[in-house]
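Residue strings, one per chain:
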Amino acid sequence: MSEMNATVDPAEVARFDALGAQWWDEKGKMAPLHAMNPARLAFLRDALVRHFSRDARALRPLKGLSILDIGCGGGLLSEPLARMGGQVRGIDPAPGNVDIARTHAAASGLAVDYEAVTAEELASRGDRFDVVVALEVVEHVADVSLFVRTAGQLVADGGVLVLSTLNRTAKSFALAIVGAEYVLRWLPPGTHRWEKFITPEELEATLAAAGFTAREKVGLAYEPLSGDFHLTEDLSVNYFMVAERVG
């Protein structure tokens, strides 16, 4: 694997590329992401409104902001961000994902710029964005430090980097792997590898090494009775981190 693509894990790319049209099946293999999306989008909207001093009540509160969605998959996050007014670029190393995302956006009448490219390749062009988002991506890359450093390079001055991932705890093993993959069968077995999960302390240190500091940390928890996800102070399973460049 070349240095330019050193964060890409080919096995992970192939696994998600094989999903095809299932990305938009709310009851299919991507059902957990569909269930997470309302809480994820509410968190993103509020974090970005605070950072850029926008009106949270506006119909399109992210209007004019350039937003990069790294690991966009079929576009589950890119499309709602575009509806909120963002100028969204979605990138994914899996061409099949990008094809699905383009087709769905076109059918939805949304202008989202999708490209089958890695973050490293984009950074090498000198592209910069007000917002760089990588949700549920960190635990799938081959080199976390390089990935975070590269994502940071893509953030424009005054911009913000938003990451979400899974904590490496006994609770996350029980819920995100045993529960989600083997009991509830939400995800194919092997989708996640517990040893690749990263603790908030480790992620903060990795961000610091890349010249960023974490400004917000929020957890995401599953409510089994309603089937919904909600934001929480508990970071023991899924969590978000919002970071800004130091200085």
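Our subject is the structure listed above.
Residues numbered from 1 in each chain as written. Predicted model: local features only at pLDDT ≥ 70, side-chain atom pairs only at ≥ 80, totals over all residues. Heavy atoms only, no water.

Quick notes on helix α2 (residues 31–51)
Quick reminder: α-helices carry 3.6 residues per turn. Residues three or four places apart thus point the same way. Between its first and last C-alpha atoms α2 spans 30 Å; for 21 residues at 1.5 Å apiece the expected length is 30 Å, and the two agree. Along α2, the helix axis deviates most sharply at Asn-37, where the bend reaches about 45 degrees; the proline Pro-38 sits within four residues downstream. Just past α2, the residue Ser-53 takes up positive phi, approximately 55 degrees. (Helix = DSSP H or I, 4+ residues; strand = E, 2+ residues; numbered from the N terminus. Expected span 1.5 Å × (residues − 1). Bend = angle between axes of the 7 residues up to and from the residue.)

Here's the deal with the pattern of salt bridges
Here the structure, examined in full by the defined rule, presents 14 salt bridges. The partner of Glu-202 in a salt bridge is Arg-168, with the nearest N and O atoms 2.7 Å apart. Highlighted residues: Glu-202 in helix α8 (residues 200–209) and Arg-168 in the loop between β5 (155–166) and α7 (170–183), separated in sequence by 34 residues. For Arg-215, the salt bridge is made with Glu-244, and the minimal N-O distance between the two is 3.3 Å. Linking Arg-215 in strand β6 (residues 212–223) with Glu-244 in strand β8 (residues 238–245), this pair joins segments that are 29 residues apart in sequence. By relative accessible area, Glu-244 is classed as partly exposed at 22%. By sharing partners, the salt bridges in this structure join Arg-89, Asp-113, Glu-115, Arg-125 and Asp-127 into a single network. (Salt bridge = Lys/Arg side-chain N within 4 Å of Asp/Glu carboxyl O. Buried < 20%, exposed > 50% of the residue type's maximum accessible area, 1.4 Å probe, protein only.)

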